[in-house]
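Here are the chains, one letter per residue:
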Amino acid sequence: METVFTILFNGISLSSILLLAAIGLSVTFGLMRVINMAHGEFIMIGSYTTFLVQNFFIAFLPKAAFDFYYPVAIIFSFLVAALFGCLLERLVIKRLYGRETDSLLATWGISLFLQQLARSIFGAPNVNVSSPSVLNGNFQIAGVAMTYKRLFIILLVILCLVFMYILMYKTSYGKKVRATMQNRAMAQCLGIKTNRIDTFTFAIGSGLAGVAGCALCLLGSVGPSLGQNYIIDTFMVVVLGGVGKLSGAIAGALLIGMSNAIIQFGTSANIAKAIVLILVILFLQKKPQGLFTIHSRALDE
């Protein structure tokens, strides 16, 4: 029973990280049909932003205020990554709509550029971020040690999901986004400024990736290639769950995270990733649109 709880907790923990990275990518991919290979670098930007906020608190604020750096870092990680996402969409992405191969190559080049820029600014060795004292330690349930850091990440993911649900399903902006996803031409005929919707949505998706980077600082060191460690799994979550659907992102993240945890328990991390990738490919052969799809007359024709 202890082994079952350990696998379950590890699977949920991994799923929460993948989901946090995939939420924004799912919406932007579903909205603009752009394959953004630089999405992982927004995770890296969020991590380095957290590192800079930490150093600012150490250098300029009293030691007693250090624990408050992390909530500030979450906000700044979102804002800085969103700003980079906005610039990328305005300068590059908007010129590549409908050109999937070109967008893939262009964003891959931007990914390499951002990684090298990070190496030039921060150096090649990874840097470390200290956790707030309140997140140090763990407690035992059914013999399973649950760290406060991973529990906090799960809570952070839940809050981001609530934020996205309210934004997408309870606001006029969300209605415009969903209308643009289903039928862009009709949305434009109804007076929706789809260009603004694209920019704002891409910025939000990038900002959420920045928050994911901030969360990953609690689990390990920060380096220029941090985002690349998660980009493949993030794309698998989006494709498996179905683009543009929050429910699909949740289901995809849980399936991939739990599968990794279960398979990895008896093998190794690399073998588990390979097996999960094969299973996802086999599933997509039977259902290429993923678990959840957006239905509309335009898509069904």
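Visitor: In this structure, what is going on with the side chain of Thr 50? I would like to understand it.
Guide: Position of Thr 50 among the secondary structure elements: in helix α2 (residues 39-60). The exposure class of Thr 50 is buried, given its relative accessible area of 0%. Side chain to side chain, Thr 50 and Ser 77 meet in a polar contact 3.1 Å long. Sequence-distant contacts of Thr 50, defined by excluding residues within four places in its chain, comprise Tyr 69, Tyr 70, Ala 73, Ser 77, Val 129, Cys 214 and Cys 217.

Visitor: Any chance you could explain the pattern of salt bridges here in plain terms?
Guide: Close approach of charged atoms allows side chains with opposite charge to pair. According to the stated counting rule, one finds two salt bridges in the structure shown. A salt bridge links Arg 90 to Glu 89; its shortest N-O distance comes to 3.0 Å. Here Arg 90 falls in the partly exposed class, since its relative accessible area comes to 30%. For Glu 89, a relative accessible area of 0% puts it in the buried group. Two residues, Arg 184 and Asp 198, come together in a salt bridge whose shortest N-O distance is 3.0 Å. Highlighted residues: Arg 184 in helix α7 (residues 184-189) and Asp 198 in helix α8 (residues 194-216), separated in sequence by 14 residues. What makes Arg 184 partly exposed here is its relative accessible area of 25%.

Cut-offs and rules
- Residues numbered from 1 in each chain as written.
- Predicted model: local features only at pLDDT ≥ 70, side-chain atom pairs only at ≥ 80, totals over all residues.
- Heavy atoms only, no water.
- Helix = DSSP H or I, 4+ residues; strand = E, 2+ residues; numbered from the N terminus.
- Buried < 20%, exposed > 50% of the residue type's maximum accessible area, 1.4 Å probe, protein only.
- Polar contact = N/O pair within 3.5 Å; in protein donor to acceptor, adjacent residues only side chain to side chain.
- Contact = heavy atoms within 4.5 Å.
- Salt bridge = Lys/Arg side-chain N within 4 Å of Asp/Glu carboxyl O.

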